[in-house]
Amino acid sequence: MKHRSMVIALAFAAPLAAQAAPETYRLDPRHTFTYFSVEHFGLSNQYGRFDRNAGRLTLDRAAHAATLDVTVDAGSVTTADPPAAGGRSRDDMLRSSDFFNAAEFSQATFKSTRVAFSGDTPTAVEGNLTLLGTTRPLTLHVDRFKCNAAQGPRKERCGGNATAAFKRSDFGMKFGMGSIGDEVTLMIVFEGDKE
Amino acid sequence: MDRKQLVIACLAALPLAAAAAPESYTFDSTDTFANFVVDHFGITPIYGRFNRTTGKFTLDRAAKSGSLDVTVDVASVDTGDIDKGNRPRARDDHLRSADFFNAAEFPRMTYKSTAVTFAGDAPKTIEGNLTLLGVTKPVSLDVERFKCNPPSGTSKERCGGLARGKLNRSDFGMNRTLGAIGNEIQLLVAFGADHD
């Protein structure tokens, strides 16, 4: 192909490529948090949060396709239980090999495999959760999702929250099963600026 | 009244007094947390937690009445924004400032019940007053779940549950960035309490 015809070919291809390319949003760790709740002695729900989360969202509105990848620092778990005098706090216990085993498995990850849409909005994210080195399929239900248009110096920003439930025993986390529930409710709240 | 009559009168009164006395419970601060949710730019909910919450409640199952008294240390607010980065301050420091909770001037937020309604033997709704930033306004709480486990071995009877409420922060004078951060605050209190 001569130089000139190559330029023409590229010029034609450009709009198509632009339309088909998914937009990428890097999740903002100050506005992206993973929360969980678990039953405590059948009385109440214990809530926890992971303070360090990272990830990426891609969105191809034309193709109604998307991806969501989230990485959670297992050692950043907090249930606000202050360190006990002499003993270990609940958060220390959660970081230990009884629960999240943060020393051996420093990260938990969710990687999408398919995202379902309703109109232009993602409604469910099918994917795989890797926790304690075990990978199992998990579907997140997107409770809300919205993008705010770019404005002034602000880039376009998208975010939402997604929930799922799984059994911790499926990932080999079996400590305290009698008193602390097996079913874990997971919620990922995420926001990201367009790259 | 002679001594014998007094003893009989006292004995007769005892069962009634026992039945009428409300049971008293103290919240276990390691299992009791006040959480809040607020909308962020219409995109996501921001969740926050107060890490120090104390209080008591009473329950009179026979009379189907009760009371609730909660104190929240507002400086213990925690949204997990732990890295200040290149900002002048982290979000939690901003929340503690005069723009939001003004923890220096108003270190405590309190809730005191005025009436408790029951569904069967369990409290269902709580009417009461929330004091935040020195302003007191009525806020009602819905008790979403409530259960007591009987004492066993060295453990006392323990009751726990979840209660939810709603308020507009502007009603308490917290008006900062009302455009970007929602006015409506959802409250979610998860609690566990031991019988005194």
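Worth saying up front: this structure is predicted, and the values here are computed from it rather than measured. (Residues numbered from 1 in each chain as written. Chains lettered and ligands numbered in written order. Predicted model: local features only at pLDDT ≥ 70, side-chain atom pairs only at ≥ 80, totals over all residues. Heavy atoms only, no water.)

**A few points about the interface of chain A and chain B**
Inference 1: With 34 residues of chain A in contact, the opposing surface of chain B contributes 38 residues.
Inference 2: Buried area between chain A and chain B, both sides added, is near 2900 Å², and the carbon and sulfur share of it is 47%.
Inference 3: Considering only the surface of chain A that becomes buried against chain B, A:Arg30, A:Leu43 and A:Arg144 emerge as the three largest contributors, covering 25% of it.
Inference 4: Along the contact surface separating chain A from chain B lie four salt bridges. (Contact = heavy atoms within 4.5 Å. Buried area = accessible area lost by both parts, 1.4 Å probe. Salt bridge = Lys/Arg side-chain N within 4 Å of Asp/Glu carboxyl O.)

**Let's talk about the side chain of A:Ser76**
Residue and element names in this part refer to chain A.
Inference 1: Relative to the assigned elements, Ser76 resides in the loop between strand E5 (65-73) and strand E6 (77-78).
Inference 2: Assessed through its relative accessible area of 6%, Ser76 is described here as buried.
Inference 3: Here Asp73 takes part through its backbone oxygen, which lies 2.7 Å from a polar atom of the side chain of Ser76.
Inference 4: The contact partners of Ser76, leaving out residues within four places of it in the chain, are Arg49, Phe50, Asp51 and Arg52. (Helix = DSSP H or I, 4+ residues; strand = E, 2+ residues; numbered from the N terminus. Buried < 20%, exposed > 50% of the residue type's maximum accessible area, 1.4 Å probe, protein only. Polar contact = N/O pair within 3.5 Å; in protein donor to acceptor, adjacent residues only side chain to side chain.)

**Side note on the pairing of strand E9 (residues 135-149) of chain B**
Residues and elements named next belong to chain B.
Inference 1: Pairing between strand E8 (residues 122-132) and E9: eight bridges, direction antiparallel. Bridge pairing in E9 places Leu130 opposite Lys137.
Inference 2: Joining the antiparallel neighbours E8 and E9 is a turn of two residues, in which Leu133 adopts a positive phi near 55°.
Inference 3: Here E9 pairs with strand E10 (residues 158-168) via eight bridges, running antiparallel. What sits directly across from Val143, in E10, is Ala163. (Pairing = 2+ DSSP bridges.)

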